[in-house]
Amino acid sequence: AEEVGGGDKEVVREYFNNTGFQRWKKIYGETDDVNRVQLDIRIGHAKTVENAILMLTDEGSLKGVSVCDAGCGTGSLAIPLAKEGAVVTATDISAAMVAEAEKQAREELLTGQDELSPTVVMPKFEVKDLESLDGKYDTVVCLDVLIHYPQSKADGMIAHLASLADNRLILSFAPKTFYYDLLKRVGELFPGPSKATRAYLHAEADVERALRKVGWKIRKKGLITTQFYFSRLIEAVPA
Ligand code: SAM
């Protein structure tokens, strides 16, 4: 099997088809059976999605713009992008995630008559890992997925995603700051039953260097923090 950092890609796939699927579906959902930490992460993640949409719509309407949402999870970003008129391809390594995203997209995008509004294109959902993505898109987005890649693998992943994008790459990752590092270490001292697979943090300078190597530069950035959620959001463009 191919390696994803210290672990194995199979481990990540298995996690997001089972325990991880249940855990993240709940966090990304709307039900109130979440604990305080999960609720905090839900709020932080929603802000990341909101900020990513602001970055995406800043340059003008998304109508007819092709967007690849790599590692789409339950469709938190893919579905609102479709509502904005974007032509979305949404993929994830986990079949459970893709099935859930498809279900939510039908619920949110189809009317009672099983019809789409004329300005909406149903996203194309596919079970696919990032490495096997191909094609060309105006924009590629990859939110909160880099956490599964150590920096050594992240470089190649960033280069690959940039190669699929004509104009923009939007990425979010857990920033390697002292405080968050500390928090992670504290977390590792108390592994709970549904502890996530190993998490990797990234220094902004490392991500920037990986982009520069393939001729891209950071144009905009944002930082989303709540008590337990930290995410650096960047928009990169060809330099
Ligand atoms: N991007 C989504 C969002 O922000 O709502 C989901 C984020 S979730 C924390 C991480 C997602 O990345 C999971 O759905 C997982 O299955 C997916 N993932 C992890 N490794 C992947 C890989 N190598 N290729 C594709 N997807 C992957």
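This text gives an overview of the structure that appears in the document. For every chain, the first residue of the written sequence is number 1, and numbering continues from 1 onward in sequence order. Whole-chain, interface and lining totals are the exception, using all residues; otherwise, since this is a predicted model, local features are given only for residues with pLDDT of at least 70 and side-chain atom pairs are given and counted only at 80 or more. Derived side-chain values reflect all non-hydrogen atoms in the structure, with water molecules and hydrogen atoms excluded from consideration.

Right, let's get into the pattern of salt bridges. What counts as a salt bridge is simple: a side-chain nitrogen of Lys or Arg found within 4 Å of a carboxyl oxygen of Asp or Glu. A complete count under the given rule lists 21 salt bridges for this structure. Close ionic contact of Glu131 with Lys9 constitutes a salt bridge, the shortest N to O distance being 2.9 Å. On the criterion of sequence distance, the pair formed by Glu131 in the loop between β3 (124-127) and β4 (137-142) and Lys9 in helix α1 (residues 9-17) is long-range, its members being 122 residues apart. Accessibility expressed as a relative area gives 3% for Lys9, which makes it buried. Three or more residues joined by partner-sharing salt bridges are found here, namely Asp58, Glu59, Arg168, Arg219, Lys220 and Glu235. Every helix listed is a DSSP run of H or I at least four residues long, and every strand listed is a run of E at least two residues long, numbered separately from the N terminus. Burial classes: relative accessible area under 20% of the type maximum marks a residue as buried, over 50% as exposed, and values in between as partly exposed (1.4 Å probe, protein chains only).

Leu77, Leu81, Leu143 and Ile170 are the most contacted members of the largest nonpolar core, which totals 38 residues. Taken together, the elements giving at least two residues each to this core come down to α1, α2 (19-28), α3 (36-57), α4 (78-83), β2 (87-92) and α5 (95-109). The residues contacting Leu77, other than those within four sequence positions of it, are Val49, Ala52, Ile53, Asp69, Val141 and Leu143. Only buried residues count toward a nonpolar core. Its members are Ala, Val, Leu, Ile, Met, Phe, Trp, Tyr and Cys residues joined through side-chain atoms within 4.5 Å. The contact definition used throughout considers only heavy atoms, calling two residues in contact when any of these lie within 4.5 Å.

This part takes up the packing of helix α6 (residues 151-164) against helix α8 (residues 204-213). Helix packing geometry: the angle between the two helix axes and the distance between the axes. It is the contact of α6 with α8, at a shortest axis distance of 9 Å, that shows an interaxial angle of 40°. The angle between α6 and α8 places the two elements in the oblique class. Read as a crossing pair, α6 and α8 show a hand that is right-handed. On α8, the residues that touch Gln151, Asp155 and Ile158 of α6 are Asp206, Val207, Arg209, Ala210, Leu211 and Lys213. Gly falls in the polar group here, along with every residue not listed as nonpolar (Ala, Val, Leu, Ile, Met, Phe, Trp, Tyr, Cys, Pro) or charged (Asp, Glu, Lys, Arg). Classifying every residue of the contact of α6 with α8 by side-chain character gives four nonpolar, one polar and four charged. Fitted lines through C-alpha atoms give the axes, limited to the stretch in contact for helices. The angle between two N-to-C directions lies from 0 to 180 degrees. In these notes the angle categories are as follows: under 35 degrees is roughly parallel, over 145 is roughly antiparallel, 65 to 115 is roughly perpendicular, and the rest is oblique. Less than a right angle of anticlockwise turn of the near helix away from the far helix marks a crossing as left-handed, whereas a clockwise turn marks it as right-handed.

For the rest of this paragraph, the subject is the site of the ligand. For this purpose, a residue is taken to be near a molecule or strand whenever a single non-hydrogen atom of the residue falls within 4 Å of it. Contacts to the ligand come from 21 residues, most closely from His45, Gly71, Asp92, Leu143 and Tyr149. Polar contact is the term for a pair of N or O atoms within 3.5 Å; when the atoms are in protein, one must be able to donate a hydrogen and the other to accept it, and sequence-neighboring residues count only if both atoms are side-chain atoms. Here an oxygen atom of the ligand sits 2.8 Å away from a polar atom, N or O, in the side chain of His45. Here Asp92 contributes a side-chain N or O atom positioned 2.5 Å from an oxygen atom of the ligand. The protein chains shown are the only cover counted for residues, whose accessible areas, like all others here, come from Shrake-Rupley with a 1.4 Å probe. About the coverage of the ligand: the protein hides 98% of its 590 Å² of free accessible area. Partitioned by chemical class, the residues of the shell around the ligand number 10 nonpolar, six polar and five charged.

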